[in-house]
Amino acid sequence: QVQLAESGGGLVQTGGSLKLSCAASGSFYSIRVMGWYRQAPAKERELVATITSDGDTDYGDSVQGRFTISRDNAKNTVWLQMNSLKPEDSAVYYCVANVRYIGRSWGQGTQVTVSS
């Protein structure tokens, strides 16, 4: 079992910044990939960013250059630094982890709202 605890969401004005964090806990061997997806009302869940245990990153096109993902393997924690936020970034952000021998686990989600 893996639990993902997210924090850092909230309300921010256009152009502002937020930093999300997600810590994995429980009984597991290792986590190959951690990352973030988001889902806005009436839209499909979309990739925000992922990072492997080797540090390889992948970003969604809409956040490239504005968001930065980072990770501490020893702490099983991933962060998402979000800069230059836009109203279209408003969504529920979900932490995701691909856990070896377990599969994909999701967090409960944290709301990010960007006011115009």
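How each quantity is defined
Residues numbered from 1 in each chain as written. Predicted model: local features only at pLDDT ≥ 70, side-chain atom pairs only at ≥ 80, totals over all residues. Heavy atoms only, no water. Core = buried A, V, L, I, M, F, W, Y, C linked by side-chain atoms within 4.5 Å. Buried < 20%, exposed > 50% of the residue type's maximum accessible area, 1.4 Å probe, protein only. Helix = DSSP H or I, 4+ residues; strand = E, 2+ residues; numbered from the N terminus. Contact = heavy atoms within 4.5 Å. Pairing = 2+ DSSP bridges.

Asks: Hey, could you run me through the nonpolar core in this one?
Replies: One recurring pattern in soluble globular proteins is that nonpolar side chains are buried together. Ranked by internal contacts, the top residues of the largest apolar core, which has 29 residues, are Trp36, Leu80, Met82 and Tyr93. At the level of elements, strand E1 (2–7), strand E3 (18–26), strand E4 (31–39), strand E5 (46–52), strand E7 (67–72), strand E8 (77–82), strand E9 (91–99) and strand E11 (110–115) are the ones that each hand at least two residues to this core. No other element matches the 5 residues that E9 contributes to this core. Those residues in contact with Leu80, other than ones at most four positions away along the chain, are Leu18, Lys19, Leu20, Trp36, Val48, Ala49, Phe67, Thr68, Ile69 and Tyr93.

Asks: Honestly, the pairing of E4 in this entry has me stumped. Any pointers?
Replies: Two faces, one strand: in a regular strand the side chains alternate between the faces of the sheet. Of all 9 residues that make up E4, 7 are buried, and the element is covered over most of its length. Sheet topology places E4 next to E9; 8 bridges connect them, and they run antiparallel. Within the sheet, the bridge partner assigned to Val33 lies in E9 and is Asn98. When E4 meets E5, the two strands line up antiparallel, connected through 6 bridges. Of the residues in E5, the one forming a bridge with Met34 is Ile51. Here E4 folds back onto E5 in antiparallel fashion, the turn holding 6 residues, of which Ala42 has a positive phi close to 65°.

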